[in-house]
Every structure is written in C-alpha cells, then in structure tokens.
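# Fold and contact review
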Amino acid sequence: SSVDAKAPADSLLFQTEVPVSRDRCQASVIHRSSSTTGSGQQMNRAHAAMGLNGLGYQFVIHNGNGGADGEIYIGYRWQYQVDGAHTAGEGGDWYNKHAIGICLIGDPERHAPSEAQLRELLWLVKSMQRQFDIPSREVYVLGNDDAQPTSPGRFFPVADFRQQLRD
C-alpha cells in the first residue's frame, strides 16, 4: 500500500509511521527521472509494475508537470522505513539499506531542474543532514539508478548545490 503525502515544512517530516533509524540514514542519493513529466504517484505505479513493491525512492520532488512544482512526495519506504530500491549495480545494496533515495522529476540532460525543485531538494537534504549528521561528502548526485557516479545531467548545478550544502 502506498502513502500519499505532501512534505511538511518542519519536523513533521520525521514523524513517520515507523520510527526512523539512524542506521538507515547515513547518506543521501539524488537521482533524476530522465522524464520531463511525472509524479510520485505515477512512479509508484510504474515501480510496482516492475516488481519493486512500489516506489523505489523515499522521496520524489515534482517539477510542475505531473505534480506541483517543488512539491515533495513522501513514499511509503520513508513512512514505513522500508529499504529503498533506488540504486542498482555494485554497492547498490548498501545504498538501498543505508541511504535516502530522492528522485527529481525531470531530465537535467535537457533542462535545468526548476528553482522550486532545487530549493526543496536543498531543504530536504539539509534537513536529513541536520537530523542524522550526514556529512556533505555522503550526498551523492547520480545521473541514473546505478551506484557508480555518473553525470547528474549537464544542466544540474552540481557545484552550486554542493556549495549551498556547505553554507
């Protein structure tokens, strides 16, 4: 079963159905959908059809083409503290068990994420860092679902994002 929820702007983010384990929150992994449209609900259905038992990410951030621009969709894997299914490849199992999977709707190879997406992504990642003492070096921006570092997309502002995490 899926939990449809919009992220609150305060500590309610951490009031989950199952208490959050620090062990589960050692890193954050940012992915992209590579599709210009979509929503957390649509991804949940697509991932379920792929045999992933629903949305593989803990969070999805909408771009205005399928969900409100900057809206954070909270997946059931966060609410119920279920291992992610967001990272494949060598080392993927560790990231699925110990990292927070965040997916931006969009394709940064063709278009930059919206200002609202970047603002909410920064808020979400910094909230996780503060709550779980996640160092900035443990925030990964990946181009796809592989654990190996790949380009997050030529229009994703990696340097600016990393600087804002440090500020």
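Placed above this text is the structure.
The text that follows walks through the structure, step by step, so that each part is easy to find. In every chain, residue numbers begin from 1 and rise along the written sequence. A pLDDT threshold of at least 70 governs which residues receive local features in this predicted model, and a stricter bar of 80 or more applies before side-chain atom pairs are shown or counted, although totals over entire chains, interfaces and linings include all residues. Hydrogens and water are ignored here; the side-chain numbers use all heavy atoms of the structure.

What follows deals with the sheet that holds strand E1 (residues 27–32). Reading across the sheet, the five strands line up as E3-E2-E4-E1-E5 and stay open at both edges, with mixed pairing between neighbours. Two strands close off the open sheet at either side, each with one partner strand: strand E3 (72–74) and strand E5 (139–141). Looking at each pair of strands side by side, their axes are set apart by 20 degrees on average, direction ignored. Pairs of strands are assigned from DSSP output, requiring at least two bridges between the strands. Going along the chain from the N terminus, every DSSP run of H or I of four or more residues is numbered as a helix, and every run of E of two or more is numbered as a strand. With three bridges connecting them, E1 and E5 associate as parallel partners. Bridge pairing links Ser28 to Val139 in E5. Strands in contact with helix H1 (residues 40–49) are strand E2 (59–61), E3 and strand E4 (99–104); relative to E3, the strand with the most contacts, it is inclined by about 40 degrees. Axis geometry follows a simple rule: fit a line to the C-alpha atoms, using only the stretch in contact for helices, then measure angles between N-to-C directions, giving values from 0 to 180 degrees. Note on contacts: a residue pair qualifies if any of its non-hydrogen atoms lie within 4.5 Å across the two residues.

Turning our attention to the nonpolar core. Among buried residues, the Ala, Val, Leu, Ile, Met, Phe, Trp, Tyr and Cys ones that are joined through side-chain atoms within 4.5 Å form a nonpolar core. Each residue's exposure class comes from its accessible area (1.4 Å probe, protein chains only) as a fraction of the maximum for that residue type: buried when under 20%, exposed when over 50%, partly exposed otherwise. In terms of nonpolar packing, the biggest core is built from 24 residues, with Phe59, Trp78, Leu121, Met128 and Phe161 touching the most fellow members. Looking at this core element by element, the count peaks at six residues for helix H4 (residues 115–132). What Trp78 contacts, discounting residues up to four positions off in sequence, is Leu13, Phe14, Thr16, Val20, Cys25, Gln58, Phe59, Ile100, Met128 and Phe132. Grouped together as the second largest cluster of nonpolar side chains are seven residues, Tyr57, Val60, Tyr73 and Ile105 included.

In terms of residue burial, E4 counts as a mostly covered element, since six of its six residues are buried. Because side chains alternate across E4, one face comprises the buried residues Ala99, Gly101 and Cys103, and the other comprises Ile100, Ile102 and Leu104, equally buried. Where E1 lies against E4, six bridges are found, and the strand directions are parallel. Following the sheet pairing, Val29 is matched in E4 by Gly101. As judged from the three bridges shared by E2 and E4, these two strands associate in the parallel manner. Bridge pairing in E4 links Phe59 to Ile102.

Let us look at the pattern of salt bridges. The term salt bridge refers to a pairing of a side-chain nitrogen on Lys or Arg with a carboxyl oxygen on Asp or Glu at a separation within 4 Å. Tallying each qualifying case throughout the model produces seven salt bridges. Here Arg24 ties to Asp83 by a salt bridge, and the two come within 2.6 Å at their closest N and O atoms. A residue pair is termed long-range when its members are at least 10 positions apart, and Arg24 in the segment before E1 and Asp83 in the loop between helix H2 (76–79) and helix H3 (92–98) qualify at 59 residues. We classify Asp83 as partly exposed; its relative accessible area is 26%. Ionic contacts of the salt-bridge type, sharing partners, join the residues Arg24, Asp83, Asp93 and Lys97 into one network.

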